[in-house]
Amino acid sequence: MLYIVGVAAGLSLDGAQGTAYQRGMSQQHVVVVPPQGVDSSRDIKDLVERLRDRGADVAVSTVQHASASPYEARVVFVYRTLESVLLEAMGRGVQPSGSIGPWVTAATALLAELRARQAIGKSEGGEHGGALLVDMAELELHPSATADRALGRQVAGEEDAWRQRGRRVMRGDPVLRALARVCVAAAPKARKLSAELAEAAGQDTTPAVDADSAFLYYTGILQRRDPGVEDLAATALAEITAERDRARAETASLKSALAARQNAAGVTSISLGETFTHPAFHGFERTASGRPFRWMGLQNEAVIPTHIPAMAALKVTVVLEVVIDGKALGALDIGVNGRFATRTQTAMLPNGQIAKTAIVEMPTAADGTPEGDDTLSIWLRQNHSVDLSATGDPRCVGCGISYITVEPAAPPRGKAAEAPPTDAGAPQPASEPAPKPEPEPEAPAPYRVPGLAGPLDITRSRDDEGREIVTLFVRGAFDETAFHPLETMEDGTSFAWMGRAQEQAFTIVIPIDRPVAVEAHLPMVLDDAAVDALEIEFDQHSPDETSVARLEGSAVVKTAIFPAADATRPLAEAVEVVLRTPHTGDRSDEGDPRILSVALSKLVVRQL
């Protein structure tokens, strides 16, 4: 998840660019590890720029990936004190107890990585870059001096200042500050971690606010509560109430106008282009054809706020340019305002993009008015991602998303599907006949990470009765993780032994409104037990029945029959076919030390 900041925007660590990055190691290299959720804050960006201005090669990482930092790099861990986290939470009206647990988890992980980095330097010596711990408040107060310390430079005239905690004015009144300190003191583990972090950062742990100052602040409030002050407060409250009512009326008018405009336009689009920023997504990229997208993977959940007014039911479509594998596509959940859809539909678009659509129904009052928030937030949850560090790319990615569309869905619970719902009070447009489905497009090959595997060799055809047949050949650029390198038989047939891993998933695009047969063509097998143990899964379902046909020599075809997944979905969808080989062995007595199970030459998926 490490991304280069000091070399060029959007630079990744693969190919020639990765070589350039390694050559840059002759510079002093600094890896900045900010607290979770503030990696794109102004202070972190300012620190990065100051380090670059001082001639350093800079990268930004996370605590989980700090151990992958180059040996010569100096790793700067930036943390937030529990007191500041609690103060911020209480300022938002959140009870402080809910913030202690996550902070303890993050602080424990940070200290472990810090000590591990320091231990490497002590044990191995040499050109090890070392590690530094910095309080976020200290960074905000002394950004220039922090940059000098990150480079291991002596800060002239400020040595004593660095032994004391930065005294930037904290938001909130002294009562909340004192309460935050009481919360820290009342939690033994949090108190111990706070002391260890302060010691590691070389800070003075003197309380920023004591009980006396908090008491004086509170009694001062009480003493000022005379009738005149109360009258003044009442007048101010009346003015605020009038302003609130005016704002509500204006908001209602704007929502009505926006709803009318949306009912006319039909669809609202959210682009993940160059101006889009979100902590769950990596930087802006383009495909070979020039279409923009962003990988999701910095965080596994994204909440994207919008100005779209609440509706009773919505159709949310996430349009993807690439997916790292079939699991990532299937594990992408779509929701609205925290309510995730229980059923989604995936289809290929004519331009080769993948559209995953969900219908989300929102809670409504008796009159049909949407309840809850006035506007909508799109929720995406990525339950599967792949760490690409083995390829020289330190990112963790799952789905590459281009844009998201939101539109009113058909009224829920049995109402006419032709009548699109509107906001409460908005006029209903005349119903229109449902459009005829577009001809099914040809599906592009699934995305493959550079250096891991090339595009799969997949063909699509139909039998005499128009039933779909999809064939995946093990040849050409086939280089899946569970398989050993390609081999060729005397008749020219390419195949690969499975055994490097016991499970392999393939993404196949085929309609699921009919039963299907999945055929694994195996020109060679380790033994009969490997064939019997071979498991085939289609769209996360086990087969109704399996059979084995033995061909000439040692060739075998194992077939698994699956029922129709959904008879109402005739369009082609991206589904996952999984092969599992729990029975493996080797042929060491024949001079082959590899772990083997079955050899695959092609995989055929056909409608029945």
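Just so you know, the residues in each chain are numbered from 1, in the order the chain's sequence is written. Per-residue local features are limited, in this predicted model, to residues with pLDDT of at least 70; the limit for side-chain atom pairs, both in listing and counting, is 80 or more; totals at the level of whole chains, interfaces and linings are taken over all residues. Side-chain measures here rest on the full set of heavy atoms in the structure, leaving out hydrogens and waters.

S.K.: What should I look at first to understand unusual backbone geometry in this one?
M.R.: Where the residue is not glycine, phi is negative for most of them; where a peptide bond is considered, it is trans in most cases. Although it is not a glycine, N337 adopts a positive phi angle of roughly 50°. Its place among the elements puts N337 in the loop between β11 (332-336) and β12 (339-340). Phi is positive for D539, which is not a glycine, with a value near 55°. Secondary structure elements are defined from DSSP: runs of H or I of at least 4 residues count as helices, runs of E of at least 2 residues count as strands, and each element is numbered from the N terminus. Position of D539 among the secondary structure elements: in the loop between β26 (535-538) and β27 (545-550).

S.K.: Please explain the packing of aromatic side chains as it appears in this structure.
M.R.: The relative placement of two aromatic rings is captured by the distance of their centres and the angle of their planes. Under the pairing criterion, centres of Phe, Tyr and Trp rings, with the six-membered ring standing for Trp, must be within 6.5 Å; the plane angle then separates stacked pairs below 30 degrees from edge-to-face pairs above 60, leaving the rest tilted. Tallied over the full model, the rule gives five aromatic pairs. Relative to F281, the ring of F276 has its centre 5.7 Å away and its plane inclined at 85°; by these criteria the two rings are edge-to-face. Ring geometry for F340 versus W379: centroids 6.2 Å apart, planes at 85°, classification edge-to-face. Of the two residues, F340 sits in strand β12 while W379 sits in strand β15 (residues 375-382), which places them 39 residues apart along the sequence.

S.K.: Explanation requested: the sheet that holds β15 in the structure shown.
M.R.: In sheet architecture, strand pairing relies on hydrogen bonds along the backbone and comes in two forms, parallel and antiparallel. Only strands that DSSP links by at least two bridges are regarded as paired with each other. Spatial strand order, β9-β15-β11-β12: four strands in an open sheet with antiparallel pairing. Here the strands that pair on one side only, and so sit at the sheet edges, are β9 (301-309) and β12. In the sheet, β11 pairs with β12 via two bridges, with the strands oriented antiparallel. From the neighbouring strand, G335 faces β12, where its bridge partner is F340.

S.K.: Mind showing me how you'd approach the pairing of strand β2 (residues 29-33) here?
M.R.: Two faces, one strand: in a regular strand the side chains alternate between the faces of the sheet. Burial classes follow relative accessibility: with a 1.4 Å probe on protein chains only, a residue under 20% of its type's maximum area counts as buried, one over 50% as exposed, and anything between as partly exposed. Among the five residues that make up β2, five are buried, leaving the element largely enclosed by the rest of the structure. What you see with β2 is no split at all: H29, V31 and V33 on one side and V30 and V32 on the other are buried throughout. In terms of strand pairing, β2 meets strand β3 (residues 57-60) through four bridges, oriented parallel. Note on β3: the bridge partner recorded for V32 is V60.

S.K.: Quick question: what am I supposed to make of helix α6 (residues 143-150) here?
M.R.: At 3.6 residues per turn, the α-helix brings residues three or four places apart onto the same side. Judged by how many residues are buried, α6 sits mostly within the fold: seven of eight residues are covered. Among all positions of α6, only P143, A145, T146, A147, D148, R149 and A150 are buried. Of the residues trailing α6, G152 is marked for its positive phi of about 75°.

S.K.: Honestly, the pattern of salt bridges in this entry has me stumped. Any pointers?
M.R.: Side chains that carry opposite charge are capable of pairing whenever their charged atoms lie near each other. We define a salt bridge as a contact between a side-chain nitrogen of Lys or Arg and a carboxyl oxygen of Asp or Glu at a distance within 4 Å. Taken as a whole and assessed by the stated rule, the structure comprises 23 salt bridges. Put simply, E83 and R181 hold a salt bridge, and the shortest N to O gap is 2.5 Å. Taken together, the positions of E83 in helix α3 (residues 82-91) and R181 in helix α8 (residues 174-186) put the pair 98 residues apart, joining distant regions of the chain. By relative accessible area, which is 4% here, E83 ends up buried. You can call R181 partly exposed: its relative accessible area is 24%. Among the ionic pairs, E487 bridges to R594, the shortest N-O distance being 3.1 Å. Residue E487 is located in strand β21 (residues 487-488), and its partner R594 is located in strand β31 (residues 592-596); the two are separated by 107 residues in the primary sequence. Shared partners join several salt bridges into a network, and the residues in it are K327, E503, E535, E537 and R580.

Function cannot be read off these values alone, since they describe shape.
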